Amino acid sequence: MKYSNLILFILLFHSFFIYGYSLNPEKSYKYTVDDYGINFSDSLKISTSDGYNIFTYFFDPSGKNLRKTIIISYGDAGNLSYCFSYARRLTRCGYSVVLFDYRGFGKSDEFKINKEQLFYTEFAKDLSAVINETKSRYPQNLVGVMAFSMGTIITTLINDVDPIDFIIAENYVTNIYTVRERLKNIPKHHSPFLLPEDLTNDEYLSKIKKIKTPVLVFSSSLDRVTTLEDSYALSENNQCKIIIYEGEHGCGFLTLSEKYFDEINLFLDKIR
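Now for a look at the structure at hand. Just so you know, these numbers come straight off a predicted model, no measurement behind them.

Cut-offs applied
Residues numbered from 1 in each chain as written. Predicted model: local features only at pLDDT ≥ 70, side-chain atom pairs only at ≥ 80, totals over all residues. Heavy atoms only, no water. Axes fitted to C-alpha atoms, helices over the stretch in contact; angles between N-to-C directions. Helix = DSSP H or I, 4+ residues; strand = E, 2+ residues; numbered from the N terminus. Parallel < 35°, antiparallel > 145°, perpendicular 65-115°, else oblique. Left-handed = near helix turned anticlockwise from the far one by under 90°. Contact = heavy atoms within 4.5 Å. Nonpolar A, V, L, I, M, F, W, Y, C, P; charged D, E, K, R; others polar. Salt bridge = Lys/Arg side-chain N within 4 Å of Asp/Glu carboxyl O. Buried < 20%, exposed > 50% of the residue type's maximum accessible area, 1.4 Å probe, protein only. Phe/Tyr/Trp six-rings, centres within 6.5 Å; stacked < 30°, edge-to-face > 60°. Lys NZ or Arg CZ within 6 Å of the ring centre and 35° of its normal. Pairing = 2+ DSSP bridges.

### Describing the packing of helix H3 (residues 84–92) against helix H10 (residues 258–269)
Then step 1. Running from amino to carboxyl end, H3 crosses H10 at an angle of 55 degrees, the nearest separation of the two axes being 11 Å. By the criterion of interaxial angle, the relationship of H3 to H10 is oblique. Every pair of crossing elements has a handedness; the one defined by H3 and H10 is right-handed. Together, Tyr 86, Arg 89 and Leu 90 of H3 and Glu 258, Tyr 260, Phe 261 and Ile 264 of H10 make up the contact between the two elements.
Then step 2. When its residues are assigned to classes, the contact of H3 with H10 shows five nonpolar, no polar and two charged.

### Quick look at the pattern of salt bridges
Then step 1. Tallied over the entire structure, the rule returns 14 salt bridges.
Then step 2. The residue Asp 126 makes a salt bridge to Arg 103 at a minimum N-O spacing of 2.8 Å. Residue Asp 126 is located in helix H4 (residues 122–137), and its partner Arg 103 is located in the loop between strand S6 (96–100) and H4; the two are separated by 23 residues in the primary sequence.
Then step 3. Residue classification places Asp 126 among the buried residues on the basis of a relative accessible area of 0%.
Then step 4. Judged by its relative accessible area of 0%, Arg 103 is buried.
Then step 5. Between Lys 241 and Glu 263 there is a salt bridge, with its nearest N and O atoms 3.1 Å apart.

### Points about the packing of aromatic side chains
Then step 1. The full count for this structure, using the stated rule, is 27 aromatic pairs.
Then step 2. Here the aromatic rings of Phe 59 and Phe 84 are separated by 6.4 Å at their centres, their planes lie at 75 degrees, and the arrangement is edge-to-face. Of this pair, Phe 59 sits in strand S3 (residues 53–59) while Phe 84 sits in helix H3, placing them 25 residues apart in sequence.
Then step 3. Each ring, one from Phe 111 and one from Phe 123, has its centre 6.5 Å from the other, and the planes form 65 degrees; the classification is edge-to-face. Here Phe 111, found in the loop between S6 and H4, pairs with Phe 123, found in helix H4; they are 12 residues apart in sequence, far enough to count as distant.
Then step 4. A residue is classified by how much of its surface remains accessible, and Phe 123, at 0% relative accessible area, is buried.
Then step 5. Linked through ring pairs, Tyr 29, Tyr 31, Tyr 36, Phe 40, Phe 55, Tyr 57, Phe 59, Tyr 82 and Phe 84 together constitute an aromatic cluster.
Then step 6. Sitting above the plane of the Phe 111 ring, Arg 103 keeps its charged end 5.6 Å from the centroid.
Then step 7. In this structure, Arg 137 packs its charged tip against the face of Phe 58, placed 4.3 Å from the ring centre.

### Describing the pairing of strand S4 (residues 68–73)
Then step 1. In terms of burial, S4 is largely enclosed, as six of its six residues are buried.
Then step 2. Judged by which residues are buried, S4 turns out to be covered on both faces: Lys 68, Ile 70 and Ile 72 on one side and Thr 69, Ile 71 and Ser 73 on the other are all buried.
Then step 3. Across six bridges, S4 lies against strand S7 (residues 142–148) in parallel orientation. Across the sheet, the residue bridging to Ile 70 is Gly 144, located in S7.
Then step 4. The pairing of S4 with S6 spans four bridges and is parallel. If you follow Ile 72 over to S6, its bridge partner there is Leu 99.

### Notes on the side chain of Asn 159
Then step 1. With respect to the helices and strands, Asn 159 occurs in helix H5 (residues 150–159).
Then step 2. By relative accessible area, which is 8% here, Asn 159 ends up buried.

Right under this line is the structure:
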């Protein structure tokens, strides 16, 4: 992909995944693997514990193989096609990469979505199914999740059920109630955001405290939704590293450029 197109992609990525602040799935793919010159090793639908089929791409590293696999759990809008750029960069770094669509998104099974809902706990079942399949496919690899915004919620929900070896996160949601209240104060987002009825904020906070997995967090000093102070809530995990950038919510890659992936490499190099 040409440099100018890459910049356009990054802007579109953050427009769909970050500034929407609400569930907005897309069924059609805006990009293809050919647009990025990457080859997938497999694509299939994985069945969840409650009978949904989740569309998934598997990408193997190009060149060196560092025996680490990264599953990308994206934000609340679009679909996996907006993550192809990350797959391209990460496979070139030597990692296996797995992309998937939540139910109701992309090529995964239909699922009725209320756009006023902040997230659905059912998405955690989708990620769990992908984790189990990934561990089966890469038994010699360490397996972790790279999560964006809403994806950090989903990753938190599965962490004590389907243990993973590491978490790379951007704009970590550490308190779902607080985030919902902050969203109400953002222009054009005054409508109430609904929280799942099967998860209380106390239950979520309990899961946050249980995170003992090594965590790398990219946190923005300008973010009004998932603040820098929120990221420090993970500080009880003595294996948590926070990278601070001066940019809007979800603009870590756009702000840090090459340093973004340098930090990921340094973090993962220490995990054995």
